[in-house]
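Here are the chains, one letter per residue:
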Amino acid sequence: DPTPLDELVERPDPAERGLISTAMMIKKIVSIGASIVKRFAQGRDHGFHATVVEELLRGLYLANVGGVIWNQMKLDTADAFGGDEQSHAGSAFLAALRDRVDPGNPPKITLVGHSTGAVYISELLAQADAMLPPSIKFGVVFEAPASTFEKASSTVEQHASRFAGFRMFGMDEERELGDRLVPVVYPHSLLYFVSGVVEPDADTPILGMHRFHDRARFPDHEFPSITAARDFVSESADRTAWSITDEQSQPGCRTAAVKHGAFDDEDPATLASVKHIIENGF
């Protein structure tokens, strides 16, 4: 990241390239170490290995390891639902739906969003409120959603009437920790990386991470921004399916995915569950 790098360089002459200052580097490393200790003290760590990597990346490399790209991805989902129905694809889709559907007899529509797809669905539901009659609702399936709890809470608070049903598939804590994003370098899943590195705050609550659904570890009074989404998701037991589910789980609630990327195209159990939801509802 050029900004913290510049802080480490001594330039007697502003026109010179300069040299990295040992004293400044030591000061920066001490600061990073303090951030690591603070996260452990607050119970917001991701294990020793991951937390050290995350804080090094946040302290020295953030602009070049995904923060800018991640924010652009989220911005792109919002831009898809701009006001011009001729040039914004999401709005064009909703306009076509509005013009072709009988409000008195709307079809069953199921939206399936994997990872950042959950953010896209949130933007779609918001624009649907502005463009579609109230009778048009959507069944919503989230697979390992990379949406922040704050975004999800805003969606359910403002657009809950658009949901015709809901189910979320994700990995339990053991599988999430064991899904190595980059062998040796980063030991946990993509959602851990999103939470620990590319969101503005370290350990940002992410909807698809099982750890943040534990009210004992993350109580409502300390994390009010996640309460609405957590209440919505836990409203009934069949709204969540944490991998690996029991073989006796009802159809439409089964998953055996042990990798973030497996939910939407690799895991037969999840694929069969989504197929069941589309064909039979929730």
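Residues numbered from 1 in each chain as written. Predicted model: local features only at pLDDT ≥ 70, side-chain atom pairs only at ≥ 80, totals over all residues. Heavy atoms only, no water.

Colleague: Sorry if this is basic, but what is going on with the overall build of the protein here?
Modeller: Across its full length, the protein carries eleven helices and six strands. Each of the three principal axes of the protein carries a C-alpha extent, and together these read 75 × 50 × 35 Å. With 282 residues in all, the protein has 48% of them scored as buried. Residue pairs in contact within the protein that sit at least 24 positions apart in sequence constitute 64% of those at least 6 positions apart. Looking at the protein, you have 26 positive and 41 negative side-chain charges, and the mean spots of the two groups are 2 Å apart. (Helix = DSSP H or I, 4+ residues; strand = E, 2+ residues; numbered from the N terminus. Buried < 20%, exposed > 50% of the residue type's maximum accessible area, 1.4 Å probe, protein only. Contact = heavy atoms within 4.5 Å. Lys, Arg positive; Asp, Glu negative; His and termini not counted. Charge placed at Lys NZ, Arg CZ, Asp CG, Glu CD.)

Colleague: For this particular structure, what's the right way to read the nonpolar core?
Modeller: One recurring pattern in soluble globular proteins is that nonpolar side chains are buried together. Among the nonpolar cores identified, the biggest contains 49 residues, and Leu94, Leu125, Phe138, Val140, Phe142, Phe166 and Leu207 are the most heavily contacted of them. Secondary-structure elements contributing two or more residues to this core are helix H3 (48-61), helix H5 (89-100), helix H6 (117-131), strand S4 (138-143), helix H7 (149-159), strand S5 (163-171), helix H9 (190-198) and helix H10 (227-233). Apart from residues lying up to four places away in sequence, Leu125 is in contact with Leu111, Phe138, Val140, Thr155, His159, Arg162 and Phe163. Residues Ala144, Phe169, Ala262 and Phe263 belong to the second largest nonpolar core, which totals ten residues. (Core = buried A, V, L, I, M, F, W, Y, C linked by side-chain atoms within 4.5 Å.)

Colleague: Which parts of the structure should I look at to understand helix H11 (residues 268-280)?
Modeller: Two residues of an α-helix separated by three or four positions point the same way, owing to the 3.6 residues in each turn. Compared with the 18 Å implied by 1.5 Å per residue over 13 residues, the 18 Å span of H11 between its first and last C-alpha is a close match. Those residues of H11 not exposed but buried are Thr270, Ser273, Val274 and Ile277. Mapping the buried residues of H11 onto a view down its axis gives an arc of 95 degrees, with all of them on the same face. Across from the buried face of H11, at angles greater than 90 degrees, the exposed residues are Pro268, Glu279 and Asn280. Just downstream of H11 lies Gly281, where phi reads positive at about 85 degrees. (Expected span 1.5 Å × (residues − 1). Arc of directions from axis to C-beta.)

Colleague: Would you mind showing me how to read the pattern of salt bridges here?
Modeller: Inspection of every chain in the model, using the stated rule, returns 18 salt bridges. A salt bridge links Glu85 to Arg98; the nearest nitrogen and oxygen atoms lie 3.1 Å apart. With Glu85 in the loop between helix H4 (67-79) and H5 and Arg98 in helix H5, the pair connects residues that are 13 residues apart, well separated along the chain. Two residues, Lys259 and Glu266, come together in a salt bridge whose shortest N-O distance is 3.4 Å. Judged by its relative accessible area of 42%, Lys259 is partly exposed. Several salt bridges converge on common partners, so that one network encompasses Arg215, Asp220, Arg230 and Asp231. (Salt bridge = Lys/Arg side-chain N within 4 Å of Asp/Glu carboxyl O.)

Colleague: Where do I start with the environment of Glu199 in this structure?
Modeller: On the secondary structure map, Glu199 appears in the loop between H9 and H10. Overall, Glu199 belongs to the buried group, its relative accessible area being 4%. Put simply, Glu199 and Val68 are 131 residues apart on the chain and 9.8 Å apart in space, counted from C-alpha to C-alpha. Within the structure, Glu199 has its side chain in polar contact with the side chain of Trp70 (distance 3.0 Å). (Polar contact = N/O pair within 3.5 Å; in protein donor to acceptor, adjacent residues only side chain to side chain.)

Colleague: Before we go on, may I ask you to explain the packing of aromatic side chains in this structure?
Modeller: Given two aromatic rings, one states the distance between the centres and the angle between the planes to describe the pair. In this structure the tally under the stated criterion is eight aromatic pairs. In this structure an aromatic cluster arises from ring pairing among Phe142, Phe163, Phe166 and Phe232. Sitting above the plane of the Phe212 ring, Arg211 keeps its charged end 5.1 Å from the centroid. Over the face of the ring belonging to Phe232 we find Arg239, whose NZ or CZ atom lies 4.3 Å from the ring centre. (Phe/Tyr/Trp six-rings, centres within 6.5 Å; stacked < 30°, edge-to-face > 60°. Lys NZ or Arg CZ within 6 Å of the ring centre and 35° of its normal.)

Colleague: Please explain the sheet that holds strand S6 (residues 240-243) as it appears in this structure.
Modeller: Either a parallel or an antiparallel arrangement is found when strands of a sheet pair, and the pairing is made through backbone hydrogen bonds. Taken in spatial order, the four strands make up an open sheet running S3-S4-S5-S6, and their pairing is parallel. A strand with exactly one partner marks an edge of an open sheet, and here the two such strands are strand S3 (110-114) and S6. Each strand axis lies, on average, 15 degrees off the axis of its neighbour in the sheet, ignoring direction. (Pairing = 2+ DSSP bridges. Axes fitted to C-alpha atoms, helices over the stretch in contact; angles between N-to-C directions.)

Colleague: Which parts of the structure should I look at to understand the side chain of Ser153?
Modeller: Within the element layout of this structure, Ser153 appears in helix H7. With relative accessibility at 3%, the residue Ser153 sits in the buried group. Among the polar contacts listed, one links the side chain of Ser153 to the backbone oxygen of Ser225, at a separation of 2.9 Å. Excluding residues within four positions of it along the chain, Ser153 makes contact with Ser225, Ile226, Thr227, Ala228 and Ala229.

Colleague: Help me understand H9, please; the structure alone is not making it clear to me.
Modeller: Among the nine residues in H9, eight count as buried, and that is most of the element. Buried within H9 are the following residues: Leu191, Tyr192, Phe193, Val194, Ser195, Gly196, Val197 and Val198. Structurally, H9 contributes buried residues whose contacts are with helix H2 (22-41), H3, H4 and helix H8 (173-178).

Colleague: When you look at the packing of H6 against H7 in this model, what are you seeing that I'm missing?
Modeller: Two numbers describe a pair of packed helices, the interaxial angle and the distance between the axes. Contact pair H6 / H7: the axes reach a minimum separation of 10 Å and the direction vectors enclose 25 degrees. The pairing of H6 with H7 is recorded here as roughly parallel in orientation. In terms of crossing hand, the pair formed by H6 and H7 is left-handed. Along the contact surface, H6 presents Val119, Ser122, Glu123, Leu125, Ala126 and Asp129, while H7 presents Lys151, Thr155, Gln158 and His159. Split into classes, the residues belonging to the contact of H6 with H7 amount to three nonpolar, four polar and three charged. (Parallel < 35°, antiparallel > 145°, perpendicular 65-115°, else oblique. Left-handed = near helix turned anticlockwise from the far one by under 90°. Nonpolar A, V, L, I, M, F, W, Y, C, P; charged D, E, K, R; others polar.)

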